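Now for the letters of each chain:
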Amino acid sequence: MPSEVLRQEAQPAAPAGNLFLTVFPSIMLPMFLAAVDQTIVATALPAIAGTLGDVQRVSWVVVAYLVANTIAAPVYGRLGDAIGRKRMMFLALGVFVGGSVLCALSTSILLLTASRLVQGVGGGGLMTLSQALIAEAVPPRQRGRYQGYLSGMYATAATFGPVAGGWLTQVFGWPSVFLVNLPLGLVAAVLVMRLPAHPTRGGSMRFDVWGTVFFAGFIAPLLLAMEQAQHFDLRALPAVAALLALAVASVVLLIRQERRAAEPLLPIQLFRRAGIWRTDLMAACIAAQTVSLVSFLPMYLQVVRGAGAAQSGLLLLPLTVGVAVGSLFTGRLISATGRTAILPSIGLAVSAALLLSLAAFAPVLNNVALAAMLAVVSACTGTAMPVVQMTVQVVAGPRFLGAAAASVQFSRSVGASIGTALVGAVLFAMLAAMDPHTAAMFAGLVQEGPRALGALPEAQRLAVRSEIADAFRIAFLTIGCFTTSGMLLAWWLPVRRI
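Caption draft 1: Quick look at the overall build of the protein chain. For the protein chain, the helix and strand inventory stands at 20 helices and zero strands. Per-residue burial for the protein chain yields a buried fraction of 55% across its 498 residues. Taking contacts inside the protein chain between residues at least 6 apart in sequence as the whole, the part at least 24 apart equals 85%. Here the protein chain has roughly 19900 Å² of accessible surface; of this, 70% comes from carbon and sulfur atoms.

This is the structure in structure tokens:
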């Protein structure tokens, strides 16, 4: 199968320098806009809550974007396959910029949430179409370098977003976090015009409306249930159970619909291929590891190790920079050697071993050793980023490039949500087993941060920190299991070389 697809994709190679200058900037900026908007709003949330009120609903601003982004991904993927990705990129940019303007003009949390849904619909297209356009414009052997650059840029955006959001909010106010997308979106549209045009399938397309409805009925309740589960509130269990039941019912209906649809949103035959479903599962495992570390390490550093907010940010910097370095290095290796799966097979083995070591030896590691370990973990994890996209592109072939790119995106979203919820549940369960009072206090720490410990007597504060430190060792073990699963899937990928 892979060799047949590669023959289908064979195309005369353009000069590398000209191809890079034409393709990469045109794809990088739209993807950067979508990636940075997942994190840039986080540091503006306190200012938004202070201006608009409704503090208890402010998290909807983040969740709405994630839900819409994930649901929109396969829609843009299939439409891009049918009527042209360049055309759909212009549409996605228009929706994203329009949603950004609506966000800046919002006068309540409910309006801002609705506007973030619109913005997320555009962002989902930017992410999916950027990946598919790389596969459309670049010969297979050269894609490794481009995917490495994109993965590195994505990691950079995750680091840059909170910093930029905090600065813009402080200097210009929270609406500037959204208004900055206007000039950048216009520049992105000009750059997209430079992309070469490619022939489309042509003819009429029967859009899979019911497939889209059932997919939304699966993704939205699932992500909302995972978000609710992270609050560690037993009163939310009935709501979580109801949301999960709705997600299960929707996925059953989705599979039934996709089997009989003439133009399915998610082609079932595509997901029967081992190269697709194994790669998507690997992407979910990597997202679960990465997002869990980024979500819970600040609490570990501040509560257990007593680091301040600035110091914990510095200690997390190697975690984000390492992913970019690992992705860039892997992309160049793939372009030079053509080998793909062996790189994450080795890299994820190293990451898993280090995370399991962290679970065993965290108490005896100083902050410098911890930062060095996180740097190696993230660099080795970065080896999987370019391989994931390249594998699905090769296995899917030209006909299903958009659907394959979308499958990776929603796999990452689901993996990140389930991973963080599972790690949080492990932490909460361990604390409940050791001390129910500490477990109840942990929910407050998630909501308020380390200041929730400020009112405790010194002796009790030390005891709570010790119990949380022990629980985090099990959490690190859980995260290491995510990475181990990703490593096993990497070893079983059918595409070993391109």
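Right, picking up where we left off after that structure.
Caption draft 2: How the structure looks around the confidence of the model for the protein chain. Confidence in the prediction of the protein chain, expressed as mean pLDDT, is 83, and 89% of residues score 70 or more. Put simply, helix H1 (residues 2-9) is where the protein chain has its lowest mean pLDDT, 44, and helix H15 (residues 342-361) is where it has its highest, 93.

Caption draft 3: Spatial organisation of the nonpolar core. In terms of nonpolar packing, the biggest core is built from 37 residues, with Leu 297, Tyr 300, Leu 358, Leu 427, Phe 472 and Phe 476 touching the most fellow members. Sorting the residues of this core by element identifies helix H13 (274-304), helix H14 (309-337), H15, helix H16 (367-381), helix H18 (401-434), helix H19 (436-448) and helix H20 (458-491) as the ones contributing at least two each. Discounting chain neighbours no more than four positions away, the residues touching Phe 472 are Phe 296, Met 299, Tyr 300, Val 304 and Leu 427. Residues Ala 137, Leu 150, Val 192 and Leu 195 belong to the second largest nonpolar core, which totals 34 residues.

Caption draft 4: The arrangement of the packing of aromatic side chains in detail. Under the counting rule described, the total for this entry stands at seven aromatic pairs. Plain terms: the ring middles of Tyr 300 and Phe 476 are 5.2 Å apart, the flat faces sit at 80° to each other, and that makes the pair edge-to-face. One end of the pair, Tyr 300, is in helix H13; the other, Phe 476, is in helix H20, and 176 residues separate them in sequence.

Caption draft 5: Summary view of a nonpolar patch on the surface. Nonpolar side chains collect at one region of the surface, where Phe 207, Val 209, Trp 210 and Val 213 lie side by side and expose about 390 Å² of accessible area between them. Tracing the backbone shows Val 209 in helix H10 (residues 209-229).

Caption draft 6: Focus on helix H3 (residues 45-52). Those residues of H3 that fall on the buried side of the exposure criterion are Leu 45, Ile 48, Ala 49 and Leu 52. Burial along H3 is one-sided: seen end-on, the buried residues are contained in an arc of 100°. Structural note: H3 exposes Pro 46, Gly 50 and Thr 51 on the side pointing more than 90 degrees away from its buried face. Buried positions along H3 lie against helix H4 (60-83) and helix H6 (109-137). Count one or two residues on from H3 and you reach Gly 53, which has phi positive near 75°.

Caption draft 7: Structural context of the layout of surface pockets. One number sums up the size of the second largest pocket: a volume of about 540 Å³. Lining of the second largest pocket is provided by 22 residues; of these, Phe 218, Asp 280, Leu 281, Phe 410 and Ser 411 occupy positions nearest its centre. Secondary structure elements with two or more residues in the lining of the second largest pocket: H10, helix H11 (237-260), helix H12 (268-271), H13 and H18. Considering only residue class, the lining of the second largest pocket consists of 17 nonpolar, three polar and two charged.

Caption draft 8: Fine view of the pattern of salt bridges. Taken as a whole and assessed by the stated rule, the structure comprises four salt bridges. The salt bridge partner of Asp 37 is Arg 116, with a shortest N-O separation of 2.8 Å. Residue Asp 37 is found in the loop between helix H2 (16-36) and H3, and its partner Arg 116 is found in helix H6; the two are separated by 79 residues along the sequence. You can call Asp 37 buried: its relative accessible area is 0%.

Caption draft 9: Examining the packing of H13 against H18 more closely. At a minimum axis distance of 6 Å, the contact between H13 and H18 shows a crossing angle of 45°. In terms of orientation, H13 lies oblique with respect to H18. Note on packing geometry: the crossing formed by H13 with H18 is right-handed. Counting all contacts with H13, which are made through Ile 276, Asp 280, Ala 283, Ala 284, Ala 287, Ala 288, Val 291, Ser 292, Ser 295 and Phe 296, the residues of H18 involved are Ser 407, Val 408, Ser 411, Arg 412, Gly 415, Ala 416, Gly 419, Thr 420, Val 423, Gly 424 and Leu 427. Among the residues forming the contact of H13 with H18, the class breakdown is eleven nonpolar, eight polar and two charged.

Caption draft 10: Focus on the packing of H10 against H11. Relative to each other, H10 and H11 sit at 155°, their axes nearing to 8 Å. With respect to their mutual orientation, H10 and H11 come out roughly antiparallel. Relative to H11, H10 is oriented so that their crossing is left-handed. In the contact of H10 with H11, the residues fall into 18 nonpolar, five polar and one charged.

Caption draft 11: Spatial organisation of the side chain of Gln 257. With respect to the helices, strands and loops of the structure, Gln 257 is situated in helix H11. For Gln 257, a relative accessible area of 12% translates into the label buried. Within polar-contact distance, the side chain of Gln 257 engages the side chain of Asp 208 at 2.9 Å. Ignoring anything within four residues of it in the chain, the contact list for Gln 257 reads Asp 208, Trp 210, Gly 211 and Phe 214.

Caption draft 12: Focus on the environment of Gly 347. Position of Gly 347 among the secondary structure elements: in helix H15. You can call Gly 347 buried: its relative accessible area is 7%. For the pair Gly 347 and Val 377, spaced 30 residues apart in the sequence, the C-alpha separation amounts to 8.5 Å. The contacts of Gly 347, once residues within four sequence positions are left out, are Cys 380 and Thr 383.

Caption draft 13: Examining the environment of Leu 493 more closely. With respect to the helices, strands and loops of the structure, Leu 493 is situated in the segment after H20. The spatial distance from the C-alpha of Leu 493 to the C-alpha of Thr 340 is 9.3 Å, given a sequence separation of 153 residues. Apart from residues lying up to four places away in sequence, Leu 493 is in contact with Arg 278, Thr 279, Met 282, Ala 341, Val 387 and Thr 391.

Caption draft 14: Main features of H4. In this model, H4 (24 residues) spans 33 Å end to end at C-alpha, consistent with the 34 Å of a helix rising 1.5 Å per residue. Roughly 30° is the biggest bend found in H4, and it falls at Ala 72, with proline Pro 74 one to four residues downstream. Gly 84 sits one or two positions beyond H4 and adopts a positive phi of about 115°.

Caption draft 15: Geometry of the environment of Leu 315. Of note, Leu 315 is situated in helix H14. Here the alpha-carbon distance between Leu 315 and Leu 374, two residues 59 residues apart in the chain, equals 8.7 Å. Residue contacts for Leu 315: discarding those within four places in its chain leaves Leu 301, Asn 367, Ala 371 and Leu 374.

Here is what the cut-offs are and how they apply
Residues numbered from 1 in each chain as written. Predicted model: local features only at pLDDT ≥ 70, side-chain atom pairs only at ≥ 80, totals over all residues. Heavy atoms only, no water. Helix = DSSP H or I, 4+ residues; strand = E, 2+ residues; numbered from the N terminus. Buried < 20%, exposed > 50% of the residue type's maximum accessible area, 1.4 Å probe, protein only. Contact = heavy atoms within 4.5 Å. Areas by Shrake-Rupley, 256 points an atom, 1.4 Å probe, with all protein chains shown as cover. pLDDT = per-residue confidence, 0-100. Core = buried A, V, L, I, M, F, W, Y, C linked by side-chain atoms within 4.5 Å. Phe/Tyr/Trp six-rings, centres within 6.5 Å; stacked < 30°, edge-to-face > 60°. Patch = residues over 30% accessible without salt bridge, like charges linked within 9 Å, V, L, I, M, F, W, Y side chains within 5 Å. Salt bridge = Lys/Arg side-chain N within 4 Å of Asp/Glu carboxyl O. Arc of directions from axis to C-beta. 1 Å grid on protein atoms, 1.4 Å probe; cavity = no way out; pocket = protein on both sides within 12 Å on 5 of 7 lines; lining within 4 Å. Points joined across faces, edges and corners; volume = space filled by probe spheres on them. Nonpolar A, V, L, I, M, F, W, Y, C, P; charged D, E, K, R; others polar. Axes fitted to C-alpha atoms, helices over the stretch in contact; angles between N-to-C directions. Parallel < 35°, antiparallel > 145°, perpendicular 65-115°, else oblique. Left-handed = near helix turned anticlockwise from the far one by under 90°. Polar contact = N/O pair within 3.5 Å; in protein donor to acceptor, adjacent residues only side chain to side chain. Expected span 1.5 Å × (residues − 1). Bend = angle between axes of the 7 residues up to and from the residue.

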